[in-house]
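So you can see what is in the structure, the chains are spelled out below.
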Amino acid sequence: MSGARVSTTPWLLAAPGALLFAALVLVPLALTVVLSFHAYDVARGVQDEFTLAHYAAILSDSYFLSIFWRTLRLAALTTLICAVIGAPEAYVLSRMREPWRSIFLLAIIGPLLVSVVVRTFGWSMLLGPTGLVNDTFRGLGIGTVKILYTETAIVIALVHVMLPFMVIPVWTSLQKLDPMVEAAAWTLGASRFTALRRVVLPQVTMGLLSGSLVVFGLSASAFAIPALLGGRRLKMAATLVYDEYMHELNWPLGAAIAMLVLVINLVIMLAYQRVVEARAKRTLG
């Protein structure tokens, strides 16, 4: 009796979280999959008929494919920039002493307490024709530069929003690294750059992997930033799904687009994870 009670305890403890996850994630996802295979008629709306026409239309239309490509390209670029900026920032943060470490860590995490919509509106005012950035350009004699409603504006805002999600995992990985290992490399004649490349970087590979996966996934599914800084013409996957649901009222097509984006993101992220983990195993043994 005691053994049976012990064996069922973990299941009972996990049941509330599992039920909540199923209700909020799995059930809506399953309903979206089912909806994506329903037919749609402009006059009659969603029809209870099985069809693959929506997936065929998406995969054969250059308009949808170009939006998918833009979404993945901007998400990858955002991830790369966050890694280039976030990894050195995390390294500097790990070498700081109190109280400066806490102050700078608060400066990194602090923006997460502000709504993404509020920060995006701030960037729209900064990057607009009469914003601070163009005022500075005009003061330097460069003239007005069109930044708002371009891919550049979207990437700038995405990097600003996603950077903490790169810094924190890398910083956590660096916390597990003994500083004396890097010092030992210096005493053995390695330069600082060589020590960073051969000693520090392999140790933080998993932190970079975690941060990259989070940043890429959130960037590829971002809605507020592309909607506010990209405008009506520069669409990404999330804004395209929103338009199909709310403007065109073609829910099955919107569901099909959402499912394709989800599958593409999962394939890319899983492939990237396997490549990075394999390289980390070869490097670290």
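- Per an unreviewed UniProt entry, the chain is named ABC transporter permease, and its organism is Bradyrhizobium denitrificans.
- Its UniProt record gives the chain a comment under Subcellular location (unreviewed entry), which states: "Cell membrane".
- In the Sequence similarities (unreviewed entry) part of its UniProt record, the chain is described as follows: "Belongs to the binding-protein-dependent transport system permease family. CysTW subfamily."

Overview of the pattern of salt bridges
- Applying the stated criterion across every chain yields a total of five salt bridges.
- Across the pair Glu151 and Arg73 runs a salt bridge, and its minimum N-O distance is 2.8 Å. Within this pair, whereas Glu151 is found in helix H7 (residues 151-175), its partner Arg73 is found in helix H3 (residues 62-95), the two being separated by 78 residues in sequence.
- Given the relative accessible area of 32%, Arg73 is considered partly exposed.
- A salt bridge links Arg138 to Asp135; the nearest nitrogen and oxygen atoms lie 2.3 Å apart. Placement of both Arg138 and Asp135 in helix H6 (residues 132-139) is noted, with a separation of three residues, approximately one turn of the helix.

So, empty space enclosed by the protein
- A full pass over the atoms with the stated rule returns one cavity of 30 Å³ or more.
- Roughly 40 Å³ of internal volume is contained in the largest cavity.
- The set of elements that each furnish at least two residues to the lining of the largest cavity consists of H3 and helix H13 (251-284).
- The residue inventory of the lining of the largest cavity, partitioned by class, reads five nonpolar, two polar and no charged.

Considering the side chain of Lys235
- You can see Lys235 is positioned in the loop between helix H11 (224-229) and helix H12 (237-247).
- Excluding residues that lie within four positions of it along the chain, Lys235 makes contacts with Tyr63, Ile67, Arg70, Leu240 and Asp243.

Describing unusual backbone geometry
- Even without a glycine there, the phi angle at Tyr149 is positive, about 65 degrees.
- In this fold, Tyr149 is placed in the loop between H6 and H7.
- Judged by relative accessible area, Tyr149 falls into the partly exposed class, the value being 44%.
- In the Ramachandran plot, Leu249 falls in the positive-phi region, its phi being about 60 degrees despite a non-glycine side chain.
- If you trace the backbone, Leu249 turns up in the loop between H12 and H13.

A closer look at the environment of Tyr242
- Positionally, Tyr242 belongs in helix H12.
- In the structure, Tyr242 is positioned 164 residues away from Thr78 in sequence and 22 Å away in space, judged by C-alpha atoms.
- The residues contacting Tyr242, other than those within four sequence positions of it, are Phe223 and His247.

Describing a nonpolar patch on the surface
- On the surface, a nonpolar cluster with roughly 480 Å² of combined accessible area is contributed by Leu20, Phe21, Leu24, Val25 and Leu26.
- Relative accessible area serves as the criterion here: at 58%, Leu24 is assigned to the exposed category.

Thoughts on the packing of aromatic side chains
- In total, this model carries five aromatic pairs according to the counting rule given.
- Both rings, one in Phe223 and one in Tyr242, keep their centres 5.1 Å apart while their planes meet at 45 degrees; by these two values the pair is tilted. Highlighted residues: Phe223 in the loop between helix H10 (205-220) and H11 and Tyr242 in helix H12, separated in sequence by 19 residues.
- Residue Phe223 is classed as partly exposed on the basis of its relative accessible area of 36%.
- Members of the aromatic cluster, joined through ring pairs, are Phe37, Phe50 and Tyr55.

Side note on H10
- With 16 residues, H10 ought to run about 22 Å at 1.5 Å a step, and its terminal C-alpha atoms sit 22 Å apart, in line with that.
- In terms of residue burial, H10 counts as a mostly covered element, since twelve of its 16 residues are buried.
- Inspection of H10 places Thr205, Gly207, Leu208, Leu209, Gly211, Ser212, Leu213, Val215, Phe216, Gly217, Ser219 and Ala220 among the buried residues, and these make up the whole buried set.

Observations concerning H12
- Listed in full, the buried residues belonging to H12 are Ala237, Ala238, Thr239, Leu240, Val241, Asp243 and Glu244.
- Following H12 by one or two positions, Leu249 has its phi on the positive side, about 60 degrees.

Reading the values: the criteria
- Residues numbered from 1 in each chain as written.
- Predicted model: local features only at pLDDT ≥ 70, side-chain atom pairs only at ≥ 80, totals over all residues.
- Heavy atoms only, no water.
- UniProt positions renumbered as here; feature names shortened; annotations may be inferred.
- Salt bridge = Lys/Arg side-chain N within 4 Å of Asp/Glu carboxyl O.
- Helix = DSSP H or I, 4+ residues; strand = E, 2+ residues; numbered from the N terminus.
- Buried < 20%, exposed > 50% of the residue type's maximum accessible area, 1.4 Å probe, protein only.
- 1 Å grid on protein atoms, 1.4 Å probe; cavity = no way out; pocket = protein on both sides within 12 Å on 5 of 7 lines; lining within 4 Å.
- Points joined across faces, edges and corners; volume = space filled by probe spheres on them.
- Nonpolar A, V, L, I, M, F, W, Y, C, P; charged D, E, K, R; others polar.
- Contact = heavy atoms within 4.5 Å.
- Patch = residues over 30% accessible without salt bridge, like charges linked within 9 Å, V, L, I, M, F, W, Y side chains within 5 Å.
- Areas by Shrake-Rupley, 256 points an atom, 1.4 Å probe, with all protein chains shown as cover.
- Phe/Tyr/Trp six-rings, centres within 6.5 Å; stacked < 30°, edge-to-face > 60°.
- Expected span 1.5 Å × (residues − 1).

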